[in-house]
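Examination of the molecular architecture
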Amino acid sequence: MKNLVMVLLIGYALSAGAADAATYYVAKNGSNGNSCAQAQSLATAKLTVAAGIGCLGGGGDTLLLRNGDYNEGITSSPSGTSWSNKVRIAAYPGDASVWLRPQTSTNGGGHVIFLDGNFHYLEFDGVNLDGSLSGTGGLWTSTNNGNDPHHIRFQNAEVIAGATGAGAAIDLGAHTKIGATGSNEVRNVVIHGGGLPGLCGYQCASYGVYIKGPNNLVENTDIYDTSGAGIQIYNADGDAADNNILRNNRIHDITRTGSLDEVWGIINVGSNNQIYNNLIYGIKIGNPANSGLAGIASSGNSNKIWNNTIYNKNNTGIVVQGSSTDVRNNIVYLVTGSPYVNNGSGTVQTNNLFGVDPLFVNGSANNFQLQAGSPAVNAGTNLSTVTTDFAGVSRPQGAAADIGAFEYSAQDTSPPTVTLPPAVPSGLRVVAN
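Read on for an overview of the structure. (Residues numbered from 1 in each chain as written. Predicted model: local features only at pLDDT ≥ 70, side-chain atom pairs only at ≥ 80, totals over all residues. Heavy atoms only, no water.)

Let us now look at the pairing of strand β7 (residues 120–125). Counting buried residues in β7 gives five out of six residues, a clear majority hidden from the surface. Here β7 pairs with strand β10 (residues 150–161) via five bridges, running parallel. Paired with D125 across the bridge in β10 is Q155. (Buried < 20%, exposed > 50% of the residue type's maximum accessible area, 1.4 Å probe, protein only. Helix = DSSP H or I, 4+ residues; strand = E, 2+ residues; numbered from the N terminus. Pairing = 2+ DSSP bridges.)

Right, dumping it as structure tokens:
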């Protein structure tokens, strides 16, 4: 009988928690005079995002935003307790034009979403961020003052960074405390813009994604027209920017000139990080004298650089420092400097295609899939971590995995789908250098 009572109590608690979860709405025709109870109906939605967030009670609650430009940022929200009991702030289903567009910087972090606190299990889905009017970045999970925001997920959106330097469109754990949890996710996001003119070094550069913490995931992003690296992992000041995963990202056409010495595709200063299935191409600026400005530059220990494709890049292809880096199954072609430089110790370099025509379907049109007869086909090593390619095709298709970001498939040599960023509405401008 005692066990039966316990089971009933647990079941009641779970059902009560599920019943307590609520969905609230924000719309441009809403009113902040509506109560939170009324805001659970789309017909009586709140008017502002801040008012909608004020209705959220915690894990399981959802805030849905209708299409429109909201002249505000986000600096606070209740937290969830797990990914299955998260707080979710998302675009209303089918609405693709939900924009947070503050006209002035409304928070000390200089980002549209500035999470400077112990926030966790918080998901942003389909909420676009534009810092071009306020001169800010997009998202910052800040660990200033000993805070530890973690398990923040940002996905299915576009981020336009404004005219600001020494930062990034998305900062994950910048100025992180020692022992920070990290475990944040950036998925399926288009990122561009940022930086200052003047060639004033780091203070003018703005990266696409900047990681200064552990256990983060960045995947399926399209990063272009930044003024610094596409993605940087930076381990300094006792921080542990380790155990991060960068995969299936497209980094290309970096054209801004905030600093000619800050232009990489991916730069990794950390350990035990995995970098695979990334496309890096069309990066035609940078200091020709700086051979470290690689498509991928990596230092630290026990990093994995697998199945990446680097093409049409000013300066070097892959540069390795640190110890025990594993470099395999990569294509580097048409770079102005050396395809590969090893300044590390204990490096494993095998099954790469450096400086040899890989026979892309159409490299000049940025289609890096492989033709039949490519020297990359069946020439790689099978890796238990890399089981699909950039387009989601299973590896291997033949006797062995192929080299590069794509696995050859005779059934499909058409260009993979590219998600183009939405047009900027009339009357708004993207800040350019």
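Attention now moves to the pairing of strand β32 (residues 367–370). With burial as the criterion, each face of β32 is covered, one bearing N367 and Q369 and the other bearing F368 and L370. With two bridges joining them, strand β31 (residues 360–362) and β32 adopt antiparallel strand pairing. By the bridge assignment for β32, N362 is matched with N367. With antiparallel pairing between neighbouring strands as the criterion, β31 and β32 make up a hairpin whose turn holds four residues, including N366 at a positive phi of roughly 65°.

With that settled, the discussion passes to the pattern of salt bridges. In total, this model carries 13 salt bridges according to the counting rule given. For D69, the salt bridge is made with R101, and the minimal N-O distance between the two is 2.9 Å. Of this pair, D69 sits in strand β3 (residues 68–70) while R101 sits in the loop between β5 (98–100) and β6 (111–116), and the two are 32 residues apart along the sequence. Overall, the relative accessible area of 33% leaves D69 in the partly exposed class. Among the residues examined, R101 registers a relative accessible area of 3% and is labelled buried. Connected through salt bridges with shared partners, the residues R88, E123, D125, R153, E185, R187, E219 and R247 form a single ionic network. (Salt bridge = Lys/Arg side-chain N within 4 Å of Asp/Glu carboxyl O.)

Here we take up the state of the cysteines. All chains considered together, the criterion is met by two disulfides. Between the sulfur of C200 and that of C204 lies a disulfide, 1.8 Å long from S to S. The sign of the S-S torsion, about 105°, decides the handedness of the disulfide formed by C200 and C204: right-handed. C204 gets classed as buried once you look at its relative accessible area, which sits at 2%. Across the chain, the disulfide pattern expressed with sequentially numbered bonded cysteines is 1-2, 3-4. (Disulfide = S-S within 2.5 Å.)

Here we take up the packing of aromatic side chains. A full pass over the atoms with the stated rule returns 12 aromatic pairs. Measuring from ring centre to ring centre gives 5.0 Å for Y281 and F368, while their planes differ by 55°; the resulting arrangement is tilted. With a gap of 87 residues between them, Y281 in strand β21 (residues 279–283) and F368 in strand β32 connect regions that are remote in the sequence. By relative accessible area, which is 2% here, F368 ends up buried. (Phe/Tyr/Trp six-rings, centres within 6.5 Å; stacked < 30°, edge-to-face > 60°.)

Membership of the largest hydrophobic core comes to 62 residues, with the highest contact counts inside it found for F154 and I170. Here this core takes five residues from β10, the largest share from any one element. Not counting chain neighbours up to four residues away, the residues in contact with F154 comprise I113, F124, V127, L129, L139, V159, I170, E185, V186, R187 and V189. Core analysis: the next-biggest nonpolar cluster, separate from the first, contains 14 residues, Y281, Y333, L353 and A405 among them. (Core = buried A, V, L, I, M, F, W, Y, C linked by side-chain atoms within 4.5 Å. Contact = heavy atoms within 4.5 Å.)

As far as function goes, none of this settles anything; it's purely spatial.
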